[in-house]
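Residue-level structural notes
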Amino acid sequence: MYSENLKKIRKELDLSIVKLSEKIEVSSNTISAYERGIRCPSMDFGIQLYYKLNVNLNWFITGEGEMFNKNKNQPDNNRKETEQIVIQILKEKGIIKE
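Residues numbered from 1 in each chain as written. Predicted model: local features only at pLDDT ≥ 70, side-chain atom pairs only at ≥ 80, totals over all residues. Heavy atoms only, no water.

**Section: the pattern of salt bridges**
Applying the stated criterion to the full structure yields 4 salt bridges. A salt bridge links glutamate 25 to lysine 52; the shortest N-O distance between them is 2.8 Å. With glutamate 25 in the loop between helix H2 (17-24) and helix H3 (28-35) and lysine 52 in helix H4 (residues 43-53), the pair connects residues that are 27 residues apart, well separated along the chain. (Salt bridge = Lys/Arg side-chain N within 4 Å of Asp/Glu carboxyl O. Helix = DSSP H or I, 4+ residues; strand = E, 2+ residues; numbered from the N terminus.)

Here it is, written out as structure tokens:
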């Protein structure tokens, strides 16, 4: 699901793989591999989407909810809190075990 959702984010923001890679500081080869389903996005990648593009991580992981967070301002969470939120979502969806 993440590969399709990543493509949707790019299309919604009208970004090429190269432009997205520049915005979130991840190589274009890595983004291409995520979109093709060859590699699974890292926690850091998700956090970059959250902080730099305001992507709703629940939507990115599960497809549920809105693509972007309603609050357009920089999220208040620090990196550690954001990681905990992502881990909790993954546990709730059964993607990772405790």
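**Let's talk about the packing of H2 against H4**
The contact between H2 and H4 brings their axes to 9 Å, and the two run at 85 degrees. With respect to H4, the element H2 is oriented roughly perpendicular. Each of Leu20, Lys23 and Ile24 in H2 lies in contact with H4, whose residues at this interface are Phe45, Gln48, Leu49, Lys52 and Leu53. Here the residues of the contact of H2 with H4 sort into 5 nonpolar, 1 polar and 2 charged. (Axes fitted to C-alpha atoms, helices over the stretch in contact; angles between N-to-C directions. Parallel < 35°, antiparallel > 145°, perpendicular 65-115°, else oblique. Contact = heavy atoms within 4.5 Å. Nonpolar A, V, L, I, M, F, W, Y, C, P; charged D, E, K, R; others polar.)

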